[in-house]
Amino acid sequence: MRAAEMYLIEAEALCKQQTPDESTSRNLLYTVNSARDDAYTQTAASGQELIDEILLTRRMELWGEGFSWFDLKRLGASISRKTYADNTSGAECPGTFGRNFAVTVGPNDNGTNDWVWVIPLSETQYNDLIK
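What comes next concerns the included structure. Sequence positions are assigned chain by chain, starting from 1 and proceeding in written order. Local features in this predicted model are restricted to residues of pLDDT 70 or higher, and side-chain atom pairs are both shown and tallied only at a pLDDT of 80 or more, whereas totals for entire chains, interfaces and linings draw on every residue. Hydrogens and waters are ignored; side-chain quantities use all the structure's heavy atoms.

**Considering the side chain of Arg58**
Secondary structure elements are taken from DSSP: a helix is a run of H or I of four residues or more, a strand is a run of E of two residues or more, and numbering for both begins at the N terminus. Residue position: Arg58 is located in helix H3 (residues 48-61). Throughout this description, a polar contact denotes any pair of N or O atoms lying within 3.5 Å of each other; where both atoms belong to protein, one of them has to be capable of donating a hydrogen while the other can accept it, and for residues adjacent in sequence the pair is counted only when both atoms sit in side chains. In this structure the side chain of Arg58 is engaged in a polar contact, spanning 2.8 Å, whose partner is the side chain of Asp71. Setting aside residues up to four positions removed in sequence, Arg58 forms contacts with Glu5, Leu8, Ile9, Glu12, Phe67, Asp71 and Arg74. A contact between two residues is defined here by any heavy atoms of the two lying within 4.5 Å.

Here it is, written out as structure tokens:
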């Protein structure tokens, strides 16, 4: 576990408390971002906008480390895959999925929690430690 991960967990938790401590959250976010970018200035965001900035920083900071799926599941968020043709905003990074794979998938689309890791039957048959 890295220090940046701990700072971002704390910043998110402080924002989501019954009585949010946004000032401390902004300071923690600044600590993480200013270590990566000398030109970063402390955000003035508050409420959901601050939480969104913390989550975006978390996505960038922890990219490729296996946190994405757990964050989506924890937040109940959906995965939205777009095709190249979906790029109507002129963004530099359009969608890259083929038409058949460009879908939005949520964890509870059919009323059940489909985002679970299924253990293959062969694993449970040959390993007595898995029940």
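So much for the structure itself; the text now carries on.
**Overview of the packing of helix H1 (residues 3-15) against H3**
Across the interface, H1 lies against H3 with an axial gap of 10 Å and an inter-helix angle of 160°. By the angle between their axes, H1 is roughly antiparallel relative to H3. The two elements H1 and H3 meet at a crossing, and its hand is left-handed. On H3, the residues that touch Ala4, Glu5, Leu8, Ile9, Ala11, Glu12 and Cys15 of H1 are Leu50, Ile51, Ile54, Leu55, Thr57, Arg58 and Glu61. Here the nonpolar group is Ala, Val, Leu, Ile, Met, Phe, Trp, Tyr, Cys and Pro; Asp, Glu, Lys and Arg are the charged ones; every other residue, Gly included, is treated as polar. For the contact of H1 with H3, a count of residues per class yields nine nonpolar, one polar and four charged. Axis lines are fitted to C-alpha atoms, over the contacting stretch for helices. Their N-to-C directions set the angle, which ranges from 0 to 180 degrees. Note on angle classes: values under 35 degrees are labelled roughly parallel, values over 145 roughly antiparallel, values of 65 to 115 roughly perpendicular, and the remainder oblique. Working rule for handedness: look at the near helix, and if it is turned counterclockwise from the far one by less than a right angle, call the crossing left-handed; if clockwise, right-handed.

**As for the packing of aromatic side chains**
Stacked, tilted and edge-to-face pairs are distinguished by plane angle, under 30 degrees for stacked and over 60 for edge-to-face with tilted covering the rest, among Phe, Tyr and Trp rings (Trp via its six-membered ring) whose centres lie within 6.5 Å. Within this structure, the stated rule accounts for two aromatic pairs. Measuring from ring centre to ring centre gives 6.0 Å for Tyr30 and Tyr40, while their planes differ by 35°; the resulting arrangement is tilted. Here the residue Tyr30 occupies a position in helix H2 (residues 22-36), and Tyr40 occupies one in the loop between H2 and H3, the gap between them amounting to ten residues. Classification of residues uses two cut-offs on accessible area relative to the type maximum, computed with a 1.4 Å probe and protein chains only: under 20% is buried, over 50% is exposed, and between them is partly exposed. According to the relative accessible area criterion, Tyr40 is buried, its value standing at 16%. Considering the side-chain rings of Trp69 and Phe70, the 5.0 Å spacing of their centres and the 85° angle between planes classify their relative orientation as edge-to-face.

**What to know about H2**
Helix span, as expected, comes to 1.5 Å for every residue beyond the first. Counted at 1.5 Å a residue, the expected span for H2 with its 15 residues is 21 Å, and the 21 Å between its end C-alpha atoms agrees. For H2, the complete set of buried residues consists of Glu22, Ser25, Arg26, Leu28, Leu29, Val32 and Asn33.

**A short note on a nonpolar patch on the surface**
Each patch groups residues whose relative accessible area exceeds 30% and which form no salt bridge, using 9 Å between like charges and 5 Å between nonpolar side chains of Val, Leu, Ile, Met, Phe, Trp and Tyr. The Shrake-Rupley method, run with a 1.4 Å probe, gives the accessible areas here. Residue values count only the displayed protein chains as cover. Each salt bridge in this description consists of a side-chain nitrogen of Lys or Arg and a carboxyl oxygen of Asp or Glu lying within 4 Å of one another. A grouping of Met1, Met6 and Ile9 is seen on the molecular surface, where their side chains present a nonpolar patch of about 330 Å² in accessible area. Among the secondary structure elements, Met6 is positioned in helix H1. On the basis of relative accessible area, Met6 is assigned to the partly exposed category, the value being 41%.

**Here we look at the nonpolar core**
We define a nonpolar core as any set of buried Ala, Val, Leu, Ile, Met, Phe, Trp, Tyr and Cys residues linked to one another through side-chain atoms lying within 4.5 Å. Membership of the largest hydrophobic core comes to 14 residues, with the highest contact counts inside it found for Leu8, Cys15, Leu29, Leu50 and Ile54. Every element with two or more residues in this core is listed here: H1, H2 and H3. No other element matches H1, which puts five residues into this core. Those residues in contact with Leu8, other than ones at most four positions away along the chain, are Leu29, Val32, Ile54, Thr57, Arg58 and Glu61.

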